[in-house]
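# Topology and contacts: notes
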Amino acid sequence: MGKKVAIIGAGVSGLASIRSCLEEGLEPTCFEKSNDIGGLWKFSTFVSSVNKRPDFATSGQWDVTTERDGKKESAVFDAVMVCSGHHVYPNLPKESFPGLNHFKGKCFHSRDYKEPGVFNGKRVLVVGLGNSGCDIATELSHTAEQVMISSRSGSWVMSRVWDNGYPWDMLLVTRFGTFLKNNLPTAISDWLYVKQMNARFKHENYGLMPLNGVLRKEPVFNDELPACILCGIVSVKPNVKEFTETSAIFEDGTIFEGIDCVIFATGYSFAYPFLDESIIKSRNNEIILFKGVFPPLLEKSTIAVIGFVQSLGAAIPTADLQSRWAAQVIKGTCTLPSMEDMMNDINEKMEKKRKWFGKSETIQTDYIVYMDELSSFIGAKPNIPWLFLTDPKLAMEVYFGPCSPYQFRLVGPGQWPGARNAILTQWDRSLKPMQTRVVGRLQKPCFFFHWLQLFAIPILLIAVFLVLT
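In short, a report on the structure.

Here is what the cut-offs are and how they apply
Residues numbered from 1 in each chain as written. Predicted model: local features only at pLDDT ≥ 70, side-chain atom pairs only at ≥ 80, totals over all residues. Heavy atoms only, no water. Helix = DSSP H or I, 4+ residues; strand = E, 2+ residues; numbered from the N terminus. Pairing = 2+ DSSP bridges. Axes fitted to C-alpha atoms, helices over the stretch in contact; angles between N-to-C directions. Phe/Tyr/Trp six-rings, centres within 6.5 Å; stacked < 30°, edge-to-face > 60°. Buried < 20%, exposed > 50% of the residue type's maximum accessible area, 1.4 Å probe, protein only. Contact = heavy atoms within 4.5 Å. Disulfide = S-S within 2.5 Å. Core = buried A, V, L, I, M, F, W, Y, C linked by side-chain atoms within 4.5 Å. Parallel < 35°, antiparallel > 145°, perpendicular 65-115°, else oblique. Salt bridge = Lys/Arg side-chain N within 4 Å of Asp/Glu carboxyl O.

As for its placement among the helices and strands, valine 147 is situated in strand β10 (residues 146-150). Distance from valine 147 to valine 126, taken between C-alpha atoms, is 7.4 Å for residues 21 residues apart in sequence.

To continue, consider the sheet that holds strand β1 (residues 4-8). Reading across the sheet, the four strands line up as β2-β1-β6-β21 and stay open at both edges, with parallel pairing between neighbours. Only two strands of the sheet have a single neighbouring strand rather than two, namely β2 (27-31) and β21 (303-305). The mean inter-strand angle of the sheet, taken between neighbouring strand axes irrespective of direction, is 20 degrees. Summarising the sheet, β1 and strand β6 (residues 79-82) pair through four bridges and their orientation is parallel. Looking at the pairing, isoleucine 7 lines up with methionine 81 of β6.

It is worth spelling out the packing of aromatic side chains at this point. The full count for this structure, using the stated rule, is 22 aromatic pairs. Each ring, one from phenylalanine 388 and one from tyrosine 399, has its centre 6.3 Å from the other, and the planes form 70 degrees; the classification is edge-to-face. One end of the pair, phenylalanine 388, is in helix α11 (residues 384-390); the other, tyrosine 399, is in helix α12 (residues 392-400), and 11 residues separate them in sequence. Taking the relative accessible area as the measure of exposure, phenylalanine 388 reaches 32% and is therefore partly exposed. Residue class for tyrosine 399 comes out buried when judged on its relative accessible area of 19%.

Paired through backbone hydrogen bonds, the strands of a sheet run either parallel or antiparallel to each other. The sheet built from five strands is open, its strands ordered β8-β17-β9-β10-β13 with parallel pairing. Strands at the two margins of the open sheet, each flanked by one partner only, are β8 (106-109) and β13 (234-237). With direction set aside, neighbouring strand axes in the sheet form an average angle of 20 degrees. Judged from the five bridges that link them, strand β9 (residues 123-127) and β10 form a sheet pairing that is parallel. Paired with valine 124 across the strands is valine 147, a residue of β10. Set on the sheet, helix α3 (residues 131-140) makes contact with β9, β10, β13 and β17 (261-264); between it and β9 the angle comes to about 165 degrees.

What follows deals with unusual backbone geometry. Phi at asparagine 164 is positive, roughly 60 degrees, even though this residue is not glycine. Along the chain, asparagine 164 falls in the loop between β11 (157-158) and α4 (168-172). Residue classification places asparagine 164 among the exposed residues on the basis of a relative accessible area of 67%. Located in the positive-phi region is lysine 291, a residue other than glycine, with phi close to 55 degrees. Counting through the fold element by element, lysine 291 comes out in the loop between β20 (286-287) and β21.

A few words on the state of the cysteines. Among covalent bonds in proteins, the disulfide is the one between the sulfur atoms of two cysteines. Going through the model one piece at a time under the given rule, you end up with zero disulfides. Between cysteine 30, a free cysteine, and cysteine 83, which holds the nearest cysteine sulfur, the sulfur-to-sulfur gap is 7.4 Å. Classification of cysteine 30 as partly exposed rests on a relative accessible area of 33%.

The next point concerns the nonpolar core. Val5, Met81, Phe294, Ile306 and Trp325 are the most contacted members of the largest nonpolar core, which totals 50 residues. With seven residues, the top contributor of residues to this core is helix α8 (residues 315-331). Here tryptophan 325 is in contact with Phe290, Lys291, Val293, Phe294, Cys334, Leu336, Leu374, Phe377 and Ile378, once residues within four sequence places are set aside. Among the nonpolar cores identified, the runner-up in size contains 25 residues, and Leu140, Val157, Phe201 and Cys261 belong to it.

Another point: the packing of helix α5 (residues 175-183) against helix α10 (residues 367-377). The N-to-C vectors of α5 and α10 enclose an angle of 105 degrees; their axes lie 9 Å apart at closest approach. It follows that α5 is roughly perpendicular to α10 by the angle criterion. Contacts between α5 and α10 pair Arg175, Thr178 and Asn182 from the former with Ile368, Val369 and Asp372 from the latter.

Glancing now at the pattern of salt bridges. For the structure on display, the rule yields 19 salt bridges. Each of Arg19, Glu23, Asp320, Arg324 and Arg409 takes part in salt bridges that share partners, so that together they form one network.

Here you go:
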């Protein structure tokens, strides 16, 4: 029998962890989180506490206490995988808005928003320019009398449909693009980033421009918002200075009168109420985890946090690779660095995160760099130079094409024989569903032409400068 693993959380991260445990011959048992997330869900069995066993320093085992119908039970597990994520508790910062307690209209978090019909003819203020806030605002714009979005710092707004109609992530999330971003001089890298973000429309003209535009904060993905602003059915305002009984006064002095409802799309917070604070420590708005997964200060690395990172990439492949690594560490086929080396890595990475993403985005990470780091621990990172020597066709698609999760199934544990063909045919599968009216053969992108377009102007300017001098 394999080691017994308690998996806390039944979402994407939990399912990825179950799969990884089964692949490694471990014995997973899945439980729900200890909270009921504000009363939306009621589970019959949930985890109330996770504590070290008295002999943890040698055994690495945990006492997991669960509760069902008011009755508690305890069981011993060899390891624990915490898969509760970071979107857990709705963040409703009422104390940050003077006068809100006097507001007579409705006020609630975006989590409680269900459908637009009940807002027919209403005047609605949405606080927050994230994905939830923009989705709600654009949907309400078709039914409400007036919709305004209040944003403290602005945001980049990207379209899911990118150059020539291709999916944005299949064009932008590439190894070559990541190489340029991380190795070009900062001024050129920032210029390229801002150019990409402004490719669809000038954010300054729409009141959306971030206060610090070069920070790589997670952008908003919304295809409808610019058109709504252009048509006047959604307006963008700065932060709310204060509320009155029926209105909001913004920091620029303008007022939104007769508000019927305020929807706070102000994100979520996280916590681990079933764990002692000494197990997963925090400092300066950051959770201390090695590669966002392992607490570095434990005698035994038998607890892992899955899904507690955020990147400009798919969440499911990230959780999958985290859980594959964690399962091997728990099994004993992969070892972690020393406690000192892990802490040094955490400190070094945090400094880079603050530079790239800002002080508040402590769980943000670079997708491809992060995936390569995790896959290197388990021997699943593709060897790009070797691929160019042995399989140039595959190497071109891996390096210049989309960084799809198939790349981390080419070699190592969990290797899939169909990964090569899946990579070479990924564009066929992505474009085929749109061919309901066939008017010609599939038009796949040319990555060299795409990057040549981006650098055509600076290359031309450099050439003119060299000629003149």
